[in-house]
Amino acid sequence: MNGFMNTHIPEKSKVAISFPGRSDFRVVPPNEAYVSVFDRSFHFGDSVYEVVRTYDGVLFGMKEHTDRLRNSMKLGLWAHLPDFSLIERMIKDTCRQYFSEFGRKDLYVRVTVSRGIGDTNIDPTTCGQPYAVVIAKEIPPAPDWHATKGVEFATVQRRRNSHEALPPSMKSGNYLNNVLAIVEAKHNGGSDAVMVNAHGFVTEGTTNNLFIVKNGVVWTPSMDAGILEGITRAMILNLCRQHKIPVEERLFTIQDVFSCEELFLSSTTREIVPITKLDGQAIGNAKPGPVTVSLRKLLREHIASEVKKQPSLFEMV
Ligand code: PDD
């Protein structure tokens, strides 16, 4: 029974699925990992998710990711919350099982919590309890040229959802706004999009936060632009403050981006990546700039020192 074989399911992955309303879960091979066709995430995108990662077997920033997962449920007006200790056990167990079967890799760990399974009625009071799915797979190392040359982004017509419509600070399973933006960006020759909001202010990429360097000052869109409060973004803001690099959270426009000295993205899986072209035009001198390079180094050092302080799941395999 695996009509889904020969699709793009990552073979070297581990999947855990919990049982709605119960405090146990099962780990299943990826090609046998199914959820119900009555799942609300499938019909309405009615789920929340996080992407956590490991470094040397250490789950990095678990508290921040768990807090944001909880906040997404709050923004999504969830009446029932899942057992967070169960989710944590699922994450650790899935990673351990990955390490013991496939070796010591750095993992991408996607945690999705569906509001539940129910009738196809849009009203969530008609569904059961939430349940979680954890997928762990290797983070393929980024090609060297991402850091040495930088990537290209494109502007798009598609606007980022407004806070009033679907809060970008809620990391929900409804990512269609971002899906449409990345399709358009690729059509326009970029690997990703610089999305602006309905008022023309820059927000974020489709799965990353954005920073520019303008007259030597680091600018990143403030929360009121309508963005996800990135965990990597917060680390970068702290590093700027600690190292006396001038930084501002503020509103700015796409013209500010075209005329800035440096542009870069941040995310859990990609850390900091320079963006050296926008719509085919050079940003600065079309090379990773000095502020981006030094922040990237500071971020990697900060992560490495935090990782050393925490227990590695490698030792528990
Ligand atoms: N994306 N903005 C959006 C819309 C995101 O989906 C993400 C994360 C970020 C960066 O947040 P953080 O630094 O906490 O990873 C910003 C994850 C990595 C993803 O969906 O794969």
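Please refer to the structure placed before this passage.
Source: prediction; values computed, not measured.

Colleague: Go over the pairing of strand β9 (residues 209-214) with me, naming the residues and quoting the values.
Modeller: Across the six residues of β9, five count as buried, placing the element largely inside the fold. Examined bridge by bridge, β9 and strand β12 (residues 262-267) share five bridges and lie antiparallel to one another. Across the sheet, residue F211 finds its bridge partner in β12, namely F264. Taken together, the three bridges between β9 and strand β10 (residues 217-221) define a ladder with antiparallel strand orientation. Of the residues in β10, the one forming a bridge with V213 is V218. Linking β9 back to β10 in an antiparallel pair, the connection comprises two residues, with N215 at a positive phi of about 50°.

Colleague: Account for the site of the ligand, with residues named and values stated.
Modeller: Taken together, 14 residues lie around the ligand, and L228, G230, I231, T232 and T268 are the ones closest in. Contributing elements (two or more residues each) for the shell around the ligand: α6 (231-242) and β12. Among the elements that line the shell around the ligand, the one with the most residues is α6, at three residues. Classifying every residue of the shell around the ligand by side-chain character gives three nonpolar, nine polar and two charged.

Basis of the calculations
Residues numbered from 1 in each chain as written. Predicted model: local features only at pLDDT ≥ 70, side-chain atom pairs only at ≥ 80, totals over all residues. Buried ≥ 20, exposed ≤ 12 C-beta atoms within 10 Å, placed from the backbone. Helix = DSSP H or I, 4+ residues; strand = E, 2+ residues; numbered from the N terminus. Pairing = 2+ DSSP bridges. Near = placed C-beta within 6 Å. Nonpolar A, V, L, I, M, F, W, Y, C, P; charged D, E, K, R; others polar.

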